[in-house]
Amino acid sequence: MLSVEELTLIVAVLVTLSYASISDLKSREVKEYVWVPASLLSVTINLLSGSYDLLQLALASVPALLVLVFAVFDMMGGADFLALLLVTLAHPRMFPKPITYLTLMYSLLIPVALILINLVHGLKNLRHYKELKCVKGSKTALLFLGRPVKVGSFLKSRFTYLLTIPVGEGDSASFECRASFSMDEAYEEKIKTSLMDMLDKKILNADDFVWVTPGLPQIVFYLIGYVAALATPETLLHFIIPST
C-alpha cells in the first residue's frame, strides 16, 4: 500500500505532466516554471524521508541525462528533459521499480509506431520518393521519419515541419534533405516563408510534393509512459530483471 508521501509525489507528477501535456498539445511549448512546484515538492519529501541514495539517484538520472544530450544538440526540447527530471526527482530509486526507465521506454513506443507507419506510407508513395533529388543530405531517412504531402496542404498545417527544404535554382527547385527539424521556431518560419516565396514565383506549385514530419507532443507521451510505468506490476519486472 502506498504511503501518504508516495501518493503525494505521484499526484504532483501526474498533475504537472497533465497540465504540461495540455500546453504541449496547444502550442508545442511548455513554460519552465510549470515544473518548479512539483520538483521542489519532490526534493523536499524525498530528502525528509531519506529516499535519496546517491548511487540509485545517479542510475535513475540516466534517462533524463540522455534526453538532455539530445536537447543540447537541438534534437529535442528542453521540456523533454525537465519532464524526465521531475520523474527522477520524484522516484529516485531503481528498486523495486525503475520508474524513470519505464517512463522513457513506454513514451518511445508511440514514436516508434509512427516510424513504422511512415515507412508503410512511404513505400506506398515510392514514386514521389524516387522523383525527389537531394542536392544536400540523404533522402533515405525520409522513408522512416516523414511523408510526402502537397505544398498547399503543408502551408495550411500546424506543427508540421519540412524535411525537404527547397532551394531555388533559376526557374526550378532542388531540395536539401534533413532527418529532423530545428527547435528554433524563427528558423523554421523562415523556411516556410521561403517556400511561400517560391510558390509566388511559380518555381513550385501548390500540387508539388514536399516531405514533412510532425512536431510530436512528446510530453503527452511521457504522461502516458509514466502512468504505464506506475501500472506495471513488480512481479512482471521480476521475470525481466531477476534482481528487482
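Residues numbered from 1 in each chain as written. Predicted model: local features only at pLDDT ≥ 70, side-chain atom pairs only at ≥ 80, totals over all residues. Heavy atoms only, no water.

Overview of the state of the cysteines
No. 1: Throughout the structure, instances matching the rule amount to one disulfide.
No. 2: Here cysteine 134 pairs with cysteine 177 through a disulfide, and the sulfurs are 1.8 Å apart. Torsion about the S-S bond of the cysteine 134 and cysteine 177 cystine: about -70°, corresponding to left-handed handedness. With cysteine 134 in strand 1 (residues 134–136) and cysteine 177 in strand 5 (residues 172–177), the pair connects residues that are 43 residues apart, well separated along the chain.
No. 3: Given the relative accessible area of 24%, cysteine 134 is considered partly exposed.
No. 4: Residue cysteine 177 is classed as buried on the basis of its relative accessible area of 9%. (Disulfide = S-S within 2.5 Å. Helix = DSSP H or I, 4+ residues; strand = E, 2+ residues; numbered from the N terminus. Buried < 20%, exposed > 50% of the residue type's maximum accessible area, 1.4 Å probe, protein only.)

Some details on the side chain of histidine 91
No. 1: You can see histidine 91 is positioned in the loop between helix 5 (78–90) and helix 6 (99–107).
No. 2: For histidine 91, a relative accessible area of 14% corresponds to the buried category.
No. 3: Ignoring sequence-local partners within four residues, the contact set of histidine 91 consists of Ile10, Ala60, Ile99, Thr100, Tyr226 and Leu230. (Contact = heavy atoms within 4.5 Å.)

Structural notes on the packing of helix 5 against helix 12 (residues 218–231)
No. 1: Two elements in contact, helix 5 and helix 12, have axes separated by 9 Å at closest approach and are oriented at 20°. What the angle tells us is that helix 5 and helix 12 run roughly parallel. Crossing of helix 5 against helix 12: the hand is right-handed. Only Gln218, Ile219, Tyr222 and Tyr226 of helix 12 make contact with helix 5, whose side of the interface consists of Ala79, Asp80, Ala83, Leu84 and Val87.
No. 2: The residue makeup of the contact of helix 5 with helix 12, split by class, is seven nonpolar, one polar and one charged. (Axes fitted to C-alpha atoms, helices over the stretch in contact; angles between N-to-C directions. Parallel < 35°, antiparallel > 145°, perpendicular 65-115°, else oblique. Left-handed = near helix turned anticlockwise from the far one by under 90°. Nonpolar A, V, L, I, M, F, W, Y, C, P; charged D, E, K, R; others polar.)

Considering the pairing of strand 6 (residues 209–214)
No. 1: In terms of strand pairing, strand 2 (residues 147–150) meets strand 6 through four bridges, oriented antiparallel. Across the sheet, lysine 150 pairs through a bridge with phenylalanine 209, a residue of strand 6.
No. 2: Pairing geometry for strand 3 (residues 160–162) and strand 6, over three bridges, is antiparallel. Looking at the pairing, tyrosine 161 lines up with threonine 213 of strand 6. (Pairing = 2+ DSSP bridges.)

Topic: the side chain of lysine 192
No. 1: Counting through the fold element by element, lysine 192 comes out in helix 11 (residues 185–200).
No. 2: Buried and unpaired, lysine 192 has glutamate 189 as its nearest opposite-charge partner, separated by 5.1 Å.
No. 3: Dropping the residues within four chain positions of it, lysine 192 is found in contact with Phe154, Leu155 and Ser157. (Lys, Arg positive; Asp, Glu negative; His and termini not counted. Salt bridge = Lys/Arg side-chain N within 4 Å of Asp/Glu carboxyl O.)

A look at unusual backbone geometry
No. 1: Between phenylalanine 95 and proline 96 the backbone carries a cis peptide bond, its omega angle lying at 5°.
No. 2: Mapped onto the secondary structure, proline 96 falls in the loop between helix 5 and helix 6.
No. 3: Even without being a glycine, phenylalanine 159 presents a positive backbone phi close to 55°.
No. 4: Looking at the secondary structure, you find phenylalanine 159 in the loop between helix 10 (151–156) and strand 3.
No. 5: Relative accessible area serves as the criterion here: at 19%, phenylalanine 159 is assigned to the buried category.

Some details on the pattern of salt bridges
No. 1: For the coordinates displayed, the defined rule picks out four salt bridges.
No. 2: The partner of glutamate 29 in a salt bridge is lysine 31, and the shortest N-O contact between them spans 3.3 Å.
No. 3: The exposure class of glutamate 29 is partly exposed, given its relative accessible area of 43%.

Observations regarding the environment of alanine 71
No. 1: Within the secondary structure, alanine 71 sits in helix 4 (residues 62–72).
No. 2: Separated by ten residues in sequence, alanine 71 and phenylalanine 81 have C-alpha atoms that sit 7.4 Å apart.
No. 3: Each residue touching alanine 71, except ones within four places of it in the same chain, is listed here: Met76 and Gly77.

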